[in-house]
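Residue-level structural notes
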Amino acid sequence: MRGYKLKTLAATAALLATTSLAHAEDVEVLHWWTSGGEAAALNVLKEDLSGQGIGWQDMPVAGGGGTEAMTVLRARVTSGNPPTAVQMLGFDILDWAEEGALANLNDVAAAEGWDEVVPEALQAFAKHDGNWISAPVNVHSTNWVWANKAILDELGIAQPTSWDEFVVALEAVEASGKIALAHGGQAWQDATIFDGVVLSTGGIDLYRQAFIDLDPEALVSDTMVEVFDRMATLRGHVDENFSGRDWNLASAMVINGEAAFQIMGDWAKGEFINAGQVPGEDFLCFRVPGSEGTVSFNADQFAMFGVEGDDAVAAQNAMAASIMSPEFQSAFNVVKGSAPARTDVPNDAFDACGQQAMADLAEAADSGTLIGSIAHGHANRAAVKNAIYDVVTAHFNGEFDSATAVQELVTAIEINQ
Ligand code: BGC
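Residues numbered from 1 in each chain as written. Predicted model: local features only at pLDDT ≥ 70, side-chain atom pairs only at ≥ 80, totals over all residues. Heavy atoms only, no water.

It is worth spelling out the overall build of the protein at this point. Scanning the protein from terminus to terminus reveals 20 helices and 15 strands. Relative to its length of 417 residues, the protein is compact, with a C-alpha radius of gyration of 22 Å against a globular reference of 22 Å. Considered along the principal axes of its C-alpha atoms, the protein spans approximately 75 × 45 × 40 Å. Here the protein holds 417 residues, and 58% of them are scored as buried. Long-range pairs, those at least 24 residues apart, make up 76% of the contacts in the protein between residues at least 6 apart in sequence. (Helix = DSSP H or I, 4+ residues; strand = E, 2+ residues; numbered from the N terminus. Rg over C-alpha atoms; globule rule 2.2 N^0.38 Å. Buried < 20%, exposed > 50% of the residue type's maximum accessible area, 1.4 Å probe, protein only. Contact = heavy atoms within 4.5 Å.)

For Asp 129, which is not glycine, the phi dihedral falls at a positive 50 degrees. Here Asp 129 lies in the loop between strand E4 (127-128) and strand E5 (131-132).

The next point concerns the side chain of Asp 266. Within the secondary structure layout, Asp 266 lies in the loop between strand E10 (259-263) and helix H15 (268-274). For the buried Asp 266, no salt bridge exists, and the shortest N-O distance to an oppositely charged side chain is 5.5 Å, to Arg 287. At 3.0 Å, the side chain of Asp 266 forms a polar contact with the side chain of Trp 144. (Lys, Arg positive; Asp, Glu negative; His and termini not counted. Salt bridge = Lys/Arg side-chain N within 4 Å of Asp/Glu carboxyl O. Polar contact = N/O pair within 3.5 Å; in protein donor to acceptor, adjacent residues only side chain to side chain.)

A few words now on the nonpolar core. Formed by 65 residues in total, the largest nonpolar core has its most connected members in Met 88, Trp 114, Phe 302, Met 304, Phe 305, Met 319 and Ile 323. For this core, the leading source of residues is helix H16 (residues 310-324), giving seven residues. Among all residues touching Met 304, those that are not within four sequence positions of it are Thr 84, Ala 85, Leu 102, Ala 103, Leu 105, Ile 133, Ser 134, Gln 316, Met 319, Ala 320 and Ile 323. By size, the runner-up hydrophobic cluster in this structure holds 54 residues, among which are Phe 166, Ala 210, Phe 228 and Phe 242. (Core = buried A, V, L, I, M, F, W, Y, C linked by side-chain atoms within 4.5 Å.)

Where charged atoms from two side chains of opposite charge approach closely, those side chains can pair. This structure, assessed with the given rule, holds eleven salt bridges. A salt bridge links Arg 381 to Asp 95, with the shortest nitrogen-to-oxygen separation between them at 2.3 Å. Taken together, the residues Arg 381 in the loop between strand E15 (370-372) and helix H19 (382-396) and Asp 95 in helix H5 (residues 90-98) connect sequence positions 286 residues apart. On the accessibility criterion, Arg 381 (32% relative accessible area) is partly exposed. Asp 351 is paired through a salt bridge with Lys 269; the nearest N and O atoms lie 3.0 Å apart. With Asp 351 in the loop between strand E14 (339-340) and helix H18 (352-367) and Lys 269 in helix H15, this residue pair connects regions lying 82 residues apart in the sequence.

Shown next as structure tokens:
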């Protein structure tokens, strides 16, 4: 039941004043966690809330990066009926905060000490004007490769440690008749690969100059041309049915032994785990060769919208508090494939890939090599992000050569800045 209906009932209002029933409200949650691994992780949250008497109204809108979800959200808010909580990334959160649409979570944050435990890089998107507006759930990163271990063993391929070795490995798989690179041709997936290729080719400096500072010289540099050349190399190793394929179906190709590699954020690990696979035994996880030491992060948060009614607000606050508890952060992220969004969560429950993710994250934060994902809205506002998607995808599909792509990129970014 929604808060505004309850509000008119005096008897219910009296009941709400009496402690536990103040939580007897549903939260309506808009998200894009629709794959098997994602649904398993979402269940951890649903069950946690249900244990507190909070019901769940599900509003799934599939599509990595959240582009489709953000379109649906806009319609809901415009009609004056926002959901309680919305999965959201990076600059999108700040955009909604600027519109004055988000709730203030300062009381929960103060009671639970969020300021002390949430990494700075996440606070930059979870707070606006000094106020907490969103609860960080995790820290994913995008510059990962997932590999089928049996294929690599069978072909005598060692885990590649440089871009050149990676290309040799892709060629060897291709020659064996297997699919080298499992990929889904969707703009956000092309852009996800691009994150890792930029880091691998130009390092943290080029990434920062070109995609954070949006420096036109960096955007048209020879190294950027090489970035696009490498994208074209990858394009040469996907199968002919790649167009439009969902990312989790690409993961399934690696899981089933149809394909050797997938470049994807560590939500892919959720699919391997959900299929009963074990890191180091069935699959390998490693950074996009050449990008080791750098981390392009993508942190899911639940942005909390302004809801009406004490009971609705209480349920929303309870959801925010649950999300940020160390126990939840461990239980959820073990299943989701991500690292916790707080720095004090022990790593013992995590598998080898999860422990590596946590260590890489801490090290990158210390050494200044932690940087927001271009593909997942942590480098730029949506207009620039989408302009980059367009160019990367058009190039991936052979519309431009690499030299043209860098020119298109600089123009598209300039227009949409
Ligand atoms: C989200 C992940 C999600 C992935 C694929 C990303 O944008 O941050 O949580 O698993 O999309 O749906």
